[in-house]
Amino acid sequence: MIDSVSLPKWLDDYIFNQLKANYCPSNSDMTVIDWDKSNVLNYLGTYFPRSYAEAYCIFSEYFKQHLKEWQNRESVSVFDFGCGTGGEIIGLLTAIEERLPYIEQVEIIALDGNHTALRLFEKIIKLYSEHTKINITKNIIPEVIEDFYDLSILDTVITHDFDIIISFKAICEFVTKERFERQNAYEHIAKTFLPKLKDNGIMLLVDVTTYNNVSQEWLPSMMDKGLNKADCKVIMRNEGYNQKIKVSHSKRAKDVSKVAWRMIQK
């Protein structure tokens, strides 16, 4: 599996020189939904490249192993829960373009509660559309999910099933904020979104591997416990406790991200 990638030069120039992103890593529990513009720009310069690399590397390997299942398709639909500035979406699109060159259309529905992050994502996806042959349609949903009752809101805005559902380093925020009280957030997310997958559709959950001070549990362990209760099928996952994925850009060569990830199906 590819575990090292460089941010495309045009994208590097755009986020760091045009959007004024900052490289500023932090090991604290992240609650991005509450961040102001300054914090979001720090996130853009630090975690956008990492999310890009994570999605690109994981999906490149997945499409390589499951190529036959994705042949004869001209379109793909994607839902991103907690998209933030959209690094994982750009990484996924890059992997699709390289591994599935016959895909002509990608529909994206992206949800997040931070309006500043969504405005940056809109700018980035617009520029990406100018660098790809894929026709991209998007629907960006600015919605704050306060607790598991709010997940029912999604039934009114998500009216069809998807080929791919992703959530990158967002569920940890729900754990930190106790949005689902003390119930397992990974279980709730999986049970909510698995029914919204098409037949043979896939859902990828990626999260940090830290010890969460609120849940008092290591997040990869919490993820596995939740998915076991969700009665889903794990078809791919990182080896060991976490996976190191490196991304190089103008502010840092081979910046290391450590993530736990699970690719699941119904």
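Look a little higher up for the structure.
Let us look at the structure shown here. Note that the structure is predicted; figures quoted are calculated from it, not measured. (Residues numbered from 1 in each chain as written. Predicted model: local features only at pLDDT ≥ 70, side-chain atom pairs only at ≥ 80, totals over all residues. Heavy atoms only, no water.)

### Some words on the overall build of the chain
Move 1: In terms of helices and strands, the chain carries nine helices and eleven strands.
Move 2: Whereas a compact globule of 266 residues would reach a radius of gyration of roughly 18 Å, the chain reaches 17 Å, a difference of no more than 12%.
Move 3: Taking the principal axes of its C-alpha atoms as reference, the chain extends roughly 45 × 45 × 40 Å.
Move 4: Evaluated residue by residue, the chain yields a buried proportion of 58% over its 266 residues.
Move 5: By sequence separation, contacts in the chain at least 24 residues apart represent 79% of the contacts at least 6 residues apart.
Move 6: Total accessible area on the chain stands at roughly 11,600 Å², and carbon and sulfur atoms take up 44% of it.
Move 7: Across the chain, the mean location of the 32 positive side-chain charges is 5 Å away from that of the 37 negative side-chain charges. (Helix = DSSP H or I, 4+ residues; strand = E, 2+ residues; numbered from the N terminus. Rg over C-alpha atoms; globule rule 2.2 N^0.38 Å. Buried < 20%, exposed > 50% of the residue type's maximum accessible area, 1.4 Å probe, protein only. Contact = heavy atoms within 4.5 Å. Areas by Shrake-Rupley, 256 points an atom, 1.4 Å probe, with all protein chains shown as cover. Lys, Arg positive; Asp, Glu negative; His and termini not counted. Charge placed at Lys NZ, Arg CZ, Asp CG, Glu CD.)

### Details of unusual backbone geometry
Move 1: Of note in the backbone geometry, Lys169 takes a positive phi value of approximately 50° without being a glycine.
Move 2: With respect to the helices and strands, the residue Lys169 is situated in the loop between β5 (162-168) and α7 (171-176).
Move 3: Taking relative accessible area as the criterion, Lys169 reaches 3% and is therefore assigned buried.
Move 4: Residues other than glycine seldom take positive phi values, yet Asp231 does so here, at roughly 55°.
Move 5: Counting through the fold element by element, Asp231 comes out in the loop between α9 (219-229) and β9 (233-237).
Move 6: Overall, Asp231 belongs to the exposed group, its relative accessible area being 68%.

### Looking at the environment of Glu107
Move 1: Position of Glu107 among the secondary structure elements: in strand β3 (residues 105-112).
Move 2: Sequence separation of Glu107 and Asp163 is 56 residues, and the distance between their C-alpha atoms is 9.9 Å.
Move 3: Apart from the residues within four sequence positions on either side, Glu107 is in contact with Val76, Ser77, Val78, Thr137 and His160.
Move 4: In this structure the side chain of Glu107 is engaged in a polar contact, spanning 3.0 Å, whose partner is the side chain of His160. (Polar contact = N/O pair within 3.5 Å; in protein donor to acceptor, adjacent residues only side chain to side chain.)

### Let's talk about the pattern of salt bridges
Move 1: Applying the stated criterion across every chain yields a total of eight salt bridges.
Move 2: Arg50 is paired through a salt bridge with Asp255; the nearest N and O atoms lie 2.8 Å apart. Placement of the pair is Arg50 in helix α2 (residues 37-65) and Asp255 in strand β11 (residues 252-265), with a sequence separation of 205 residues.
Move 3: You can call Asp255 buried: its relative accessible area is 3%.
Move 4: The shortest N-O distance in the salt bridge between Glu187 and Lys191 comes to 2.7 Å. Highlighted residues: Glu187 and Lys191, both in helix α8 (residues 185-193), separated by four residues, approximately one helical turn.
Move 5: Given the relative accessible area of 15%, Glu187 is considered buried. (Salt bridge = Lys/Arg side-chain N within 4 Å of Asp/Glu carboxyl O.)

### Focus on the packing of aromatic side chains
Move 1: Evaluation of the coordinates by the stated rule reveals 13 aromatic pairs.
Move 2: Taking 6.3 Å as the distance between ring centres and 5° as the angle between the ring planes, the aromatic pair formed by Tyr52 and Tyr56 counts as stacked. A residue pair is termed a helical-turn pair when its members lie 3 or 4 positions apart in one helix, as Tyr52 and Tyr56 do in helix α2 at four residues.
Move 3: Tyr56 sits in the buried class, given a relative accessible area of 10%.
Move 4: Pairing Trp218 with Tyr241 gives two aromatic rings, centres 6.0 Å apart and planes at 85°, and the pair type is edge-to-face. On the criterion of sequence distance, the pair formed by Trp218 in strand β8 (residues 217-218) and Tyr241 in the loop between β9 and β10 (243-249) is long-range, its members being 23 residues apart.
Move 5: Under the relative-accessibility criterion, Tyr241 is labelled partly exposed at 39%.
Move 6: An aromatic cluster of at least three residues, connected via ring pairs, comprises Phe79, Phe81, Phe162, Phe174 and Phe193.
Move 7: Residue placement shows Arg73 over the ring face of Trp70; its charged tip is 4.1 Å from the ring centre. (Phe/Tyr/Trp six-rings, centres within 6.5 Å; stacked < 30°, edge-to-face > 60°. Lys NZ or Arg CZ within 6 Å of the ring centre and 35° of its normal.)

### Looking at the packing of α8 against α9
Move 1: Two elements in contact, α8 and α9, have axes whose closest approach is 7 Å; the angle formed by their N-to-C orientations is 45°. Judged by the inter-axis angle, α8 sits oblique to α9. Here the hand of the crossing between α8 and α9 comes out right-handed. Counting all contacts with α8, which are made through Ala185, Tyr186, Glu187, Ala190 and Lys191, the residues of α9 involved are Leu219, Met222, Met223, Gly226, Leu227 and Lys229.
Move 2: Per-class residue counts for the contact of α8 with α9 are seven nonpolar, one polar and three charged. (Axes fitted to C-alpha atoms, helices over the stretch in contact; angles between N-to-C directions. Parallel < 35°, antiparallel > 145°, perpendicular 65-115°, else oblique. Left-handed = near helix turned anticlockwise from the far one by under 90°. Nonpolar A, V, L, I, M, F, W, Y, C, P; charged D, E, K, R; others polar.)

### Section: the nonpolar core
Move 1: Of all hydrophobic cores here, the largest spans 59 residues; its most connected members are Ile15, Phe59, Phe63 and Ile164.
Move 2: Ranked by residues supplied to this core, first place goes to α2 with 13 residues.
Move 3: When neighbours within four sequence positions are excluded, Ile164 is seen to be in contact with Phe59, Phe63, Trp70, Val76, Ser77, Val78, Phe79, Leu92 and Ile202.
Move 4: Grouped together as the second largest cluster of nonpolar side chains are 34 residues, Phe79, Phe81, Leu111 and Ala230 included. (Core = buried A, V, L, I, M, F, W, Y, C linked by side-chain atoms within 4.5 Å.)

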